[in-house]
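Architecture and fold: a report
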Amino acid sequence: MTDQFISAGEHKWLQQSGLVMLLPHGYMGQGAEHSSCRIERFLQLSDDDEDDIPDFADGFGRRQAQRANWQVMNLSTPANYFDALRRQQHRDFRKPMVVASPKNLFRLRQCVSPLSDMELDTRFQRLIGERDPEIAAHPDKVERLVFCSGKIYYELVAERERLGLKNVAIITLEQLAPFPFDRVKQVMERYSHVDIGDGVHPGQLVWCQEEPKNMGPWAYVRPRFVTTAREGFDQDLVMRYIGRRAAASPATGYPKLHNAEQEAILREAVWVHRDPRSGGQLLSTATLILAGLSDLRAAREAQLPVA
């Protein structure tokens, strides 16, 4: 149904659809079937080309949406969800919309929006920049730029506050597809002091996700960040990935293992130090935790009966 009619309906039969699909998605330590709406598969069906030279001029987002076959969202605020639905209803063309919907955001007290963010003059934001006024006001002091999407934003902010860091900016991609090239370029321009790497080794530009590396948005967003840097700044970008290792299952289903993985991801995303014993190489304590998780999995699997 999704492949044949929703993602390709306009291309095949010139039939537009405004269908909205709300799909449960969010890692909370439960079973694998509770964790993922397989957002990577919807992104794979998106027809925007990673190598198309983006037009960074005003109005790019609307033209881009008109050409795309659909939209894939992972929203982080009630106001942006409201504005996405309002835009879906009122604009003069129709596109299907896939929304990854984390269940725990319904009751998370930090995930709130004032009514002023849903008034007539508000608009859907394809990307939401740094929300801490102090960090946003001093972009020259930011040393690490973390991009993410969905509920993990709130966990990253909580970890940043726990560590008392003011040199890390956290940006959310609310609309994953079509990719907001123009908004990403604006963020990279604002935080121009952040090291983006030398074309071979990664710098301090991070994509953080809670899905395994072979799932989630990583495979989709990575080449598009590279295109943004190449076409927008004439620079080679090596994006730093922080998240779970590639896996066969979307999630472990074991709360203790899930929590260990999640803590390691959050720590490594927002806090990195230089180890003087390794010539100043960038390391983090979470790296050791992530390395040990594979041993923990192996020990757990060794106790399972072999068919």
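Residues numbered from 1 in each chain as written. Predicted model: local features only at pLDDT ≥ 70, side-chain atom pairs only at ≥ 80, totals over all residues. Heavy atoms only, no water.

In plain terms, the rule: UniProt positions are given in the numbering used here, feature names are shortened, and annotations may be inferred rather than shown by experiment.
Where an unreviewed UniProt entry is consulted, the protein chain appears under the name 2-oxoglutarate dehydrogenase E1 component, with the organism given as Durusdinium trenchii. UniProt, in its Cofactor (unreviewed entry) section for the protein chain, records the words "thiamine diphosphate".

Side note on unusual backbone geometry
Counted only if it meets this: Only DSSP runs of H or I reaching four residues or more are called helices, and only runs of E reaching two or more are called strands; each is numbered from the N terminus.
Residue P178 is bonded to the preceding A177 through a cis peptide linkage, with omega at -5 degrees. Inspection of the secondary structure assignment puts P178 in the loop between strand 7 (175–177) and helix 8 (181–190). Unusually for a residue other than glycine, L14 sits at a positive phi of about 60 degrees. Following the sequence through the fold, L14 ends up in the loop between helix 2 (9–13) and strand 1 (20–24). Notably, D234 is not glycine yet its phi reads approximately 55 degrees, a positive angle.

Topic: the layout of surface pockets
Where we set the bar: For cavity detection a 1 Å grid was placed over the protein atoms alone, and a set of points counts as a cavity when a 1.4 Å probe fits there but cannot get out; an open set counts as a pocket when protein lies on both sides within 12 Å along at least five of seven lines, with lining residues being those that have an atom within 4 Å of a point. Grid points are joined across faces, edges and corners, and a volume is the space filled by probe spheres set on the points. By the convention adopted, Pro, Cys, Tyr, Trp, Phe, Met, Ile, Leu, Val and Ala count as nonpolar, Lys, Arg, Asp and Glu as charged, and the other residues, Gly among them, as polar.
Its volume calculated, the largest pocket comes out at about 770 Å³. Lining the largest pocket are 32 residues, with R87, R123, F124, R126 and R183 sitting closest to its centre. Elements that contribute at least two residues to the lining of the largest pocket include exactly helix 4 (60–67), helix 5 (78–90), strand 4 (127–128) and helix 8. With five residues, the single largest contributor to the lining of the largest pocket is helix 8. Across the lining of the largest pocket, the residue classes tally to 12 nonpolar, eight polar and 12 charged.

Quick notes on the sheet that holds strand 9 (residues 240–244)
Threshold: Strands are labelled as partners when DSSP assigns at least two bridges between them. Contact definition: two residues touch when any of their heavy atoms are within 4.5 Å. Angles here are taken between N-to-C directions and fall from 0 to 180 degrees, while the axes themselves are lines fitted to C-alpha atoms, restricted in helices to the stretch in contact.
Taken in spatial order, the five strands line up as 4-6-5-8-9 in an open sheet, and their pairing is mixed. Here the strands that pair on one side only, and so sit at the sheet edges, are strand 4 and strand 9. Both strand 8 (residues 205–212) and strand 9 contribute to a ladder of four bridges, which runs parallel. Looking at the pairing, P212 lines up with R244 of strand 9. With respect to the sheet, helix 9 (residues 218–233) is in contact with strand 5 (144–148), strand 6 (168–173), strand 8 and strand 9, its orientation differing from that of strand 8 by roughly 165 degrees.

Looking at the sheet that holds strand 3 (residues 97–101)
Strand order across the open sheet formed by four strands is 1-3-2-7, with mixed pairing between neighbours. The outermost strands of the open sheet, each flanked by one partner alone, are strand 1 and strand 7. Between one strand axis and the next, the sheet turns by 25 degrees as a mean value, whatever way the strands run. Here strand 2 (residues 71–74) pairs with strand 7 via two bridges, running antiparallel. Its bridge partner lying in strand 7, V72 is registered against A177.

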